[in-house]
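Tertiary structure, described
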Amino acid sequence: MQESVDLDTTSRFRLGDREAFLVVYAAYAPTLRMVVSRYFPRPFDREEAVQEVWLLIHRMAASFDPDRGTLSPWLRTVATNRCKELLRARGRRPDPRKEVSESDIVTSTTPESVARDGRVQEAIARFSKGLSADEAQVFQHSLLEERTHDEVAAVTGLGARRCKYLRMKLLLRAAADPALRQALGEVTES
Amino acid sequence: MSLLFRKRSIARAVAGELSHQSAESLRGHLRGCAPCRAHYDELMGTLVLLNPAGAADREKARLMRALDQVPVGGRQDDAATLGTSARPAVPPRRFWIPLVLVPTGAFAAWMFASLRAPAPTLPDDDIVWRGSTGDVQAQAQAPAETLLVYASRRASQGARDPVRLAGEIPASGECRVSVEDYVQFSAKGLRTPAHVTIAARDTSGRVQILIPRPGANAPLLQPAAVPKAIGPSLDLKPTGLVGVVRLYAVFSAKELDDVALQAAIAATTVVDAGARNSSVHMTTGTLLITP
């Protein structure tokens, strides 16, 4: 993997500089999220583990030695070890099949993932068709595009409170939708 | 049950409408509650499915909030202060829940049981509820008087071995003694003062009166809480009784003469453990006298 953080940023990262840390985070967050996802497929566990990993990286930044290697493998090693520790802390044995190789991370788009994404989009489109006009707008702007309630209200002409209510309602409806649940299951299991 | 109370909070947390403090408090609960965590996963999974980029934004915002709590220039090695912990947080204890639910549940169970359970009925005459009318009647009809048979083996030079309880009639049904024994009879359970006569009938049908001794009056026993001795001890050897002997203890309000006693014994069959009429009570059992 090509190193995407320059030496100066790396040096400041080691010294605990917040700005450098954010640069490293921006560069490696997707990679580490993928590493953590291999160990923790469930959203809550994954969020907790990702948080733990990055806090640990923040604490251990000074221990990174650029003479011994680049930042990327060091980050992945820290993430992997922390995930295993978390699994052990929960009384679970880390699955050796979950070891993440370089190829697992680089090739993020596989034929399987493309097909899966296609099925997800199809399920979302089908769910969208069953909504009223107001609901469809809120669904698009609030849930798919993650705009704020005020922004959605400005776009749709609905009240912000109405948008907030519809967002919650649509989220619960989407969670109960069979096609979306099936798509979610595929993503979680992958 | 916990999920019932927190469903809305979880939905609001997923929708990003909870304050940071409330969200972290809820996460603390989710770490220790599998049903709530599963519900969270379901909603958050759906949200991530709809907009994967939003998840990254929320993740970054949470991390930044945690890092803001780290002192400047410091790398505190205490994850707990940063809102995360490897160990599941202990959910806050709600003391009022058991205080409300336990009495309510107990009351509901009692109501259910009292409505559904049939009233206890007596399946047959063998079962009698304690204190019921049948029990009182049964106690009145039961042979209350009990004859206790103690024995002491004759030792050398006129001494005796320790006294032992040979049996309790009619409870034991059978007492085993030796012709070498001295036997002491006692009675308990008397309800009224009674003269006591103890007789034995051997296999030949001969009836021999053991108590009172010839020429003496039948001892009069008063009702007492403890067993009362019936006359002096009896040396079995001179009686000539050996083998299976039927023992009769006759309790009567008045002293019985021989005719009345023989009539009372004759009227009692072997299977009658306790015969009773208005004035004469009898307790009977087997005395096995070994040579």
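Residues numbered from 1 in each chain as written. Chains lettered and ligands numbered in written order. Predicted model: local features only at pLDDT ≥ 70, side-chain atom pairs only at ≥ 80, totals over all residues. Heavy atoms only, no water.

1. Re unusual backbone geometry
Let me state the cut-off plainly: Numbering of helices and strands runs from the N terminus, with a helix taken as a DSSP run of H or I at least four residues long and a strand as a DSSP run of E at least two residues long.
Along the chain, Ile169 of chain B connects to Pro170 of chain B via a cis peptide bond; the corresponding omega equals 10°. One non-glycine residue, Glu146 of chain A, lies in positive phi territory at about 55°. You can see Glu146 of chain A is positioned in the loop between helix 7 (133–144) and helix 8 (149–156).

2. Considering a nonpolar patch on the surface
All names here are of chain B. Put simply, the test is: Residues with no salt bridge and a relative accessible area higher than 30% make up the patches, which join like charges within 9 Å and nonpolar side chains (Val, Leu, Ile, Met, Phe, Trp, Tyr) within 5 Å. Where accessible areas are quoted, they stem from the Shrake-Rupley method and a 1.4 Å probe; at the residue level, only the protein chains shown are allowed to cover. By definition, a salt bridge exists where a carboxyl oxygen of Asp or Glu is found within 4 Å of a side-chain nitrogen of Lys or Arg.
Taken together, the side chains of Leu4, Phe5, Trp96, Leu99, Val100 and Leu101 make up a nonpolar region of the molecular surface, amounting to roughly 680 Å² of accessible area. At the level of secondary structure, the elements contributing two or more residues to the nonpolar patch comprise helix 1 (2–14) and helix 5 (96–116). The dominant element in the nonpolar patch, judged by the number of residues it contributes, is helix 5, at four residues. With respect to the helices and strands, the residue Leu4 is situated in helix 1.

3. Focus on the nonpolar core
To keep it simple, the criterion reads: Buried Ala, Val, Leu, Ile, Met, Phe, Trp, Tyr and Cys residues form a nonpolar core when they are joined through side-chain atoms within 4.5 Å. Only protein chains enter the accessibility calculation, which uses a 1.4 Å probe. A residue is then buried if its area is under 20% of the maximum for its type, exposed if over 50%, and partly exposed in between. We call two residues in contact when some of their heavy atoms are within 4.5 Å.
With 40 residues, the main nonpolar core has Phe139 and Leu180 of chain A together with Ile10, Val14 and Leu50 of chain B as its most contacted residues. Listing elements by their share of this core, those giving two or more residues are helix 6 (111–129), helix 7, helix 8, helix 9 (160–176) and helix 10 (178–189) of chain A together with helix 1, helix 2 (20–32) and helix 3 (34–50) of chain B. Per-element accounting of this core gives the leading share, eight residues, to helix 3 of chain B. If near-sequence neighbours (up to four positions away) are discounted, Leu180 of chain A is found in contact with Ala123, Ile124, Phe127 and Ala174 of chain A together with Leu49 and Leu50 of chain B. Counting residues in each nonpolar core, the second largest holds 34 residues, with Ala20, Val24 and Tyr39 of chain A together with Leu67 of chain B among its members.

4. Things to note about the interface of chain A and chain B
Short version of the rule: Put simply, buried area is the surface a 1.4 Å probe can reach on two separate parts but cannot reach once they are joined, added for both. Gly counts as polar in this scheme, as do all residues outside two lists: the nonpolar Ala, Val, Leu, Ile, Met, Phe, Trp, Tyr, Cys and Pro, and the charged Asp, Glu, Lys and Arg.
Listed per partner, the contact involves 47 residues of chain A and 41 residues of chain B. Carbon and sulfur atoms make up 61% of the surface buried where chain A meets chain B, a total of about 4,000 Å² over both sides. Contact with chain B buries surface across chain A, with Phe44, Gln51 and Arg59 of chain A losing the most and accounting together for 17% of the total. Here chain A and chain B share seven salt bridges between them. Note that Arg27 of chain B is salt-bridged to Glu48 of chain A, the shortest N-O span being 2.8 Å. Broken down by element, the side of chain A that touches chain B gets its largest block of residues, 12 residues, from helix 3 (residues 43–60) of chain A. A class-by-class count of the residues in the side of chain A that touches chain B yields 28 nonpolar, four polar and 15 charged.

5. Thoughts on the side chain of Thr284 of chain B
All names here are of chain B. Defined as follows: Think of a polar contact as two N or O atoms within 3.5 Å of one another; within protein, one of them needs to be a possible hydrogen donor and the other a possible acceptor, and neighboring residues in sequence only count if both atoms come from side chains.
Mapped onto the fold, Thr284 is located in strand 12 (residues 280–290). Reaching out from Thr284, the side chain makes a polar contact with the side chain of Arg246 at a distance of 2.9 Å. A polar contact is formed between the side chain of Thr284 and the backbone oxygen of Leu247, at a distance of 3.0 Å.

6. Some words on helix 7 (residues 258–266) of chain B
Residues and elements named next belong to chain B. Threshold: By definition, the arc is the one covered by directions from the helix axis to the C-beta atoms.
For helix 7, the full list of buried residues reads Leu261, Ala264 and Ile265. The buried residues of helix 7 occupy an angular sector of 95° when projected down its axis, which confines them to one face. Of the residues in helix 7, the exposed ones pointing more than 90 degrees away from the buried face are Val259 and Ala266. Against the buried residues of helix 7 lie strand 5 (194–201), strand 6 (207–211), strand 10 (243–252) and strand 12.

7. Re the pattern of salt bridges
The final tally for this structure, using the stated rule, is 23 salt bridges over all chains. Residue Glu59 of chain B pairs with Arg33 of chain A through a salt bridge whose shortest N-O separation is 2.8 Å. A residue pair is termed interchain when its members come from two chains, as with Glu59 of chain B in helix 4 (residues 52–68) and Arg33 of chain A in helix 2 (residues 18–39). Several salt bridges share partner residues, and in doing so they unite Glu47 and Glu48 of chain A together with Glu24, Arg27, Arg31 and Arg62 of chain B into one network.

8. Description of the packing of helix 8 of chain A against helix 9 of chain A
Residue and element names in this part refer to chain A. What counts, and what does not: Helix axes use the C-alpha atoms of the stretch in contact, all axes being lines fitted to C-alpha atoms, and the angles between their N-to-C directions lie in the range 0 to 180 degrees. Each angle gets one of four labels, with under 35 degrees taken as roughly parallel, over 145 as roughly antiparallel, 65 to 115 as roughly perpendicular, and the rest as oblique.
Helix 9 packs onto helix 8 with a crossing angle of 110° between their chain directions and a minimal axis gap of 8 Å. In this view, helix 8 runs roughly perpendicular relative to helix 9, as classed from their interaxial angle. For the pair helix 8 and helix 9, the contacting residues are His149, Asp150, Val152, Ala153 and Thr156 in the first and Ala160, Cys163, Lys164 and Arg167 in the second. Split by residue class, the contact of helix 8 with helix 9 holds four nonpolar, two polar and three charged.

9. A look at the confidence of the model for chain B
Residues and elements named next belong to chain B. Test applied: pLDDT expresses, on a scale from 0 to 100, how confident the predictor is about each individual residue.
Residues of chain B with pLDDT of at least 70 account for 78%, and the chain-wide mean is 77. The low-confidence segment residues 73–89 (pLDDT under 50) makes 44 contacts with residues lying over four places distant or belonging to another chain. In this model, residues 269–275 is a region of pLDDT below 50 whose contacts with residues beyond four sequence positions or in other chains number 14 contacts. Interface confidence in the predicted complex, given as ipTM, is 0.81; pTM for the same model is 0.51.

10. Things to note about the packing of aromatic side chains
Keep this limit in mind: Note on aromatic pairs: the rings of Phe, Tyr and Trp (six-membered ring only in Trp) are paired at centre separations within 6.5 Å, and the planes decide the class, stacked below 30 degrees, edge-to-face beyond 60, tilted for the rest.
One pass over the full model with this rule turns up eight aromatic pairs over all chains. Where Phe107 of chain B meets Trp110 of chain B, the ring centres are 6.1 Å apart and the plane angle is 35°; that geometry is what we call tilted. Remark: Trp110 of chain B and Phe107 of chain B occur in helix 5; sequence separation between them is three residues, near one turn of the helix. Comparing Phe107 of chain B with Trp110 of chain B, the two get one shared label, exposed. One aromatic cluster is present, formed by Phe13, Phe21, Tyr25, Trp54, Phe64 and Trp74 of chain A through successive ring pairs.

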